[in-house]
Amino acid sequence: RRSAPLARMQPCDPSSAFFGFMGVTSAIVFANLGAAYGTAKSGVGISSMGVMRPDMVMRSIIPVVMAGVLGIYGFITPLIINGKKEGATYSA
């Protein structure tokens, strides 16, 4: 049996659109909060490493880079999710 055309599709409940957008928003917010927290904690670690073992400072920069990658990943993922919506099938 063939699927119904787009014109005959039932519109979704408005609350489902709300929760979809809230999911995208929470993905951005929590990923970037985690990246900021990770950057702050690793910055404290770099500072203490610079005092205790100055020869190991370059090795302790890796967590800062990883926290930055988490922030970028947390920004790109919601954009991909948001791009999956189509105007013809979206209803609110």
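Here's what I pulled together on the structure shown here. (Residues numbered from 1 in each chain as written. Predicted model: local features only at pLDDT ≥ 70, side-chain atom pairs only at ≥ 80, totals over all residues. Heavy atoms only, no water.)

What about the environment of A36?
Residue position: A36 is located in helix α1 (residues 14-52). Each C-alpha atom of the pair A36 and V64 lies 9.7 Å from the other, and the pair is 28 residues apart in sequence. (Helix = DSSP H or I, 4+ residues; strand = E, 2+ residues; numbered from the N terminus.)

Observations concerning the side chain of S60
Structurally, S60 can be placed in the loop between α1 and α2 (62-83). When its relative accessible area of 13% is taken as the criterion, S60 is described as buried. One polar contact links the side chain of S60 to the main-chain carbonyl oxygen of V57, over a distance of 2.7 Å. Ignoring anything within four residues of it in the chain, the contact list for S60 reads I46 and M49. (Buried < 20%, exposed > 50% of the residue type's maximum accessible area, 1.4 Å probe, protein only. Polar contact = N/O pair within 3.5 Å; in protein donor to acceptor, adjacent residues only side chain to side chain. Contact = heavy atoms within 4.5 Å.)

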